[in-house]
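One-letter residues, chain by chain:
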Amino acid sequence: MNQWLDERLHISRLNDKFLRKAFPVHHSFFLGEITLFSLIILIITGIVLALSYEPSNSLVVNSFDPGTADKQNLIPAAYHSALKINAMPFGDMLRRVHHWTANIMVAAAVIHMMRIYFTGAFKKPREINWWIGMLLLIFTALTAVTGYILPYDNYAYNTVKVVYGIAASIPWVGSWLAQAAFAGNFPGDGIIPRIYGYHIMLLPGILLALTGAHMLIMIKQKHTQPQYAKRIAYKKIVGVPLLTQQTPIMLMLTLLFAGIILLFSAFIPVHPVEFFGPPSTTPINNIKPDWYLLWVFGALAIIPSFELNIFGGIIGSEFVGAILLPTVVIGAMFAVPMLDISKDNNYYAENPTNHPVRLAIGTAFMALLITMSVAGYKPDLISASILTTANANTVLWILIFAVPIATYFATIGIVRGIRSLREADERESMAHAAAADD
């Protein structure tokens with residue numbers, strides 16, 4: 001049988017080329033695999049949830065609270081199906097697994113990109129994979145946002161209202177673009193079917209295509225090797241084979257990861273659709289996005305309101321804070337590989353302390369995003385009397401500039417201290433070696 005299959009499918013050639021691929025043995029390399037496992041779990045749980053979800057804005061009678069014969073309690077079918085999923089055996093648990101896996105996938109992707117940046121793994125010849133990774137991060141966040149809209153409770157209603165307003169704030173083409181993206185004006189009958197199409201077909205298809213391209217390029221170019229590989233066999237691939245050793249490790253990691261997800265889901269509740277109720281014109285105070293978009297919300301919170309009319313197009317604070325600023329930030333992240341001036345291929349993960357400026361810029365950038373995220377809590381900081389309405393914007397703007405600058409110079413100072421200690425240890429080792437030779 002093996003020979004028959006090999007003659008037709010060339011399995012032995014597949015084994016020699018792919019299944020015996022050497023994987024580096026280092027814990028940080030599992031971050032990318034966790035992102036992949038998360039995508040697989042999200043697809044599986046998403047398929048199961050889709051079997052009971054009704055992507056429609058049409059009003060139906062609430063079977064849990066039908067009202068009276070004279071006045072029936074009508075709610076959107078999408079919201080009603082979310083209530084039914086919660087009432088199903090393990091339905092709420094399934095939603096929790098889907099929710100927490102999405103958050104962990106974004107977190108793993110962010111930390112994975114941080115590892116690549118700080119170790120210089122974005123350098124030649126891996127620039128394309130850095131850009132693909134950035135696209136994966138962006139589309140992962142978009143997929144998560146569309147998932148929050150699907151239950152179509154009052155929280156989702158207010159969320160899509162904000163997103164629609166942001167799209168409409170783009171000068172000259174905003175109104176047309178918002179209607180094209182959301183199947184008409186907000187609120188409209190086509191919003192939920194359109195978002196549903198994005199969430200279960202378009203965005204997952206893009207994620208799967210980008211993931212496939214990312215893995216194919218990685219297999220072609222090989223991983224960057226950990227520093228220990230340079231000492232063992234310079235410019236040789238050092239690691240364990242995929243089929244016989246890496247696969248059991250990945251299976252153990254998958255089971256451990258699934259166990260952690262189930263623990264999170266069992267003890268930590270997620271978005272309570274029953275609490276927010278069906279869509280209504282009643283606004284929700286202090287509505288906030290998930291943690292990975294909170295920095296954009298922070299920018300919107302502290303940018304003063306303004307409008308500029310340029311050739312008939314309105315440039316306002318909403319466009320600057322939610323479109324222009326994130327475009328600049330993401331553009332800077334895309335430009336990272338182009339800042340590398342080295343012409344040689346990079347084979348090994350670099351020690352971050354050997355590149356203090358890159359390390360300091362990265363930590364300062366992280367400090368900037370964290371500070372902007374804190375600015376997203378401006379109303380909470382005011383209500384807690386930490387800030388006042390009069391000084392909140394001033395204090396937060398000062399922090400947004402001061403914290404990254406302080407972080408940059410603190411990182412440079414710490415790295416210099418580490419390098420001084422390292423050089424002192426090297427001098428001491430050389431002195432001991434010289435004394436031993438004498």
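You'll find the structure just up there.
Given the structure is predicted, the values throughout are model-derived calculations rather than measurements. Note on numbering: residues in each chain are counted from 1, in written sequence order. In view of the model being predicted, local features appear only for residues whose pLDDT reaches at least 70, and side-chain atom pairs are presented and counted only at 80 or more, with totals across whole chains, interfaces and linings using the full set of residues. Values reported for side chains reflect all heavy atoms of the structure, with hydrogen atoms and water molecules removed beforehand.

Peer 1: Help me get a handle on the overall build of the protein chain, residues and values and all.
Peer 2: Numbering goes from the N terminus for both helices and strands, where a helix is a DSSP run of H or I of at least four residues and a strand is a run of E of at least two. For the protein chain, the helix and strand inventory stands at 17 helices and six strands. Oriented by its inertia axes, the alpha-carbon framework of the protein chain measures out at about 100 × 70 × 45 Å. A 1.4 Å probe rolled over the protein chains alone gives each residue an accessible area, and that area as a share of the maximum for its type sets the label: buried under 20%, exposed over 50%, partly exposed in between. Sorting the 438 residues of the protein chain into buried and exposed places 40% on the buried side. Charge assignment in this entry is limited to Lys and Arg as positive and Asp and Glu as negative, and neither His nor the chain termini are counted. Charge positions come from single atoms, namely NZ of Lys, CZ of Arg, CG of Asp or CD of Glu. Distance between charge centres in the protein chain, computed from 29 positive and 25 negative side chains, equals 8 Å.

Peer 1: If you had to explain the packing of helix α5 (residues 91–118) against helix α6 (residues 127–149) to someone new, which residues and values would you point to?
Peer 2: When two helices pack together, you describe them by how their axes are tilted relative to each other and by the distance separating the axes. Orientation is described by axes fitted as lines to C-alpha atoms, over the contacting stretch for helices, and by angles from 0 to 180 degrees between their N-to-C directions. At a closest axis distance of 10 Å, the pairing of α5 and α6 adopts a crossing angle of 160°. The angle between the axes of α5 and α6 places the two elements in the roughly antiparallel class. Taken as a pair, α5 and α6 cross one another with a handedness that is left-handed. The residues of α6 that touch α5, namely those facing His 99, Asn 103, Met 105, Val 106, Ala 109, Val 110, Met 113, Ile 116 and Tyr 117, are Trp 130, Gly 133, Met 134, Leu 137, Thr 140 and Tyr 148. Looking at the contact of α5 with α6 residue by residue, the classes come out as eleven nonpolar, four polar and no charged. Any angle between 65 and 115 degrees counts as roughly perpendicular, while under 35 counts as roughly parallel, over 145 as roughly antiparallel, and the rest as oblique. Handedness of a crossing follows from how the near helix is turned relative to the far one, being left-handed for an anticlockwise turn of less than a right angle and right-handed for a clockwise one. A contact between two residues is defined here by any heavy atoms of the two lying within 4.5 Å. All amino acids are sorted into three groups, where Ala, Val, Leu, Ile, Met, Phe, Trp, Tyr, Cys and Pro are nonpolar, Asp, Glu, Lys and Arg are charged, and the leftover types, Gly among them, are polar.

Peer 1: Could you give an account of the nonpolar core, naming the residues involved and the relevant values?
Peer 2: One finds Tyr 53, Val 160, Phe 182, Phe 186, Ile 191, Ile 192 and Ile 195 to be the most contacted residues of the largest nonpolar core, which totals 18 residues. Those elements that provide at least two residues to this core are α4 (77–87), α7 (154–168) and α9 (191–221). Not counting chain neighbours up to four residues away, the residues in contact with Val 160 comprise Ile 149, Phe 182, Phe 186 and Ile 191. To form a nonpolar core, buried Ala, Val, Leu, Ile, Met, Phe, Trp, Tyr and Cys residues must be joined to one another through side-chain atoms within 4.5 Å. Core analysis: the second largest hydrophobic core is formed by 15 residues, Val 296, Ala 375, Leu 387 and Ile 400 among them.

Peer 1: Can you explain the pattern of salt bridges? Please cite residues and give values.
Peer 2: In the sections that follow, a salt bridge refers to a side-chain nitrogen of Lys or Arg positioned within 4 Å of a carboxyl oxygen of Asp or Glu. Considering all chains together, one arrives at six salt bridges under this definition. Put simply, Asp 92 and Arg 96 hold a salt bridge, and the shortest N to O gap is 3.0 Å. Here Asp 92 and its partner Arg 96 are both found in helix α5, four residues apart, which amounts to about one turn of the helix. Taking the relative accessible area as the measure of exposure, Asp 92 reaches 25% and is therefore partly exposed. Residue Arg 358 pairs with Glu 350 through a salt bridge whose shortest N-O separation is 2.9 Å. Each member of the pair, Arg 358 as well as Glu 350, carries the same accessibility label: buried. Here the residues in one salt-bridge network are Lys 123, Asp 340, Glu 350 and Arg 358, joined through shared partners.

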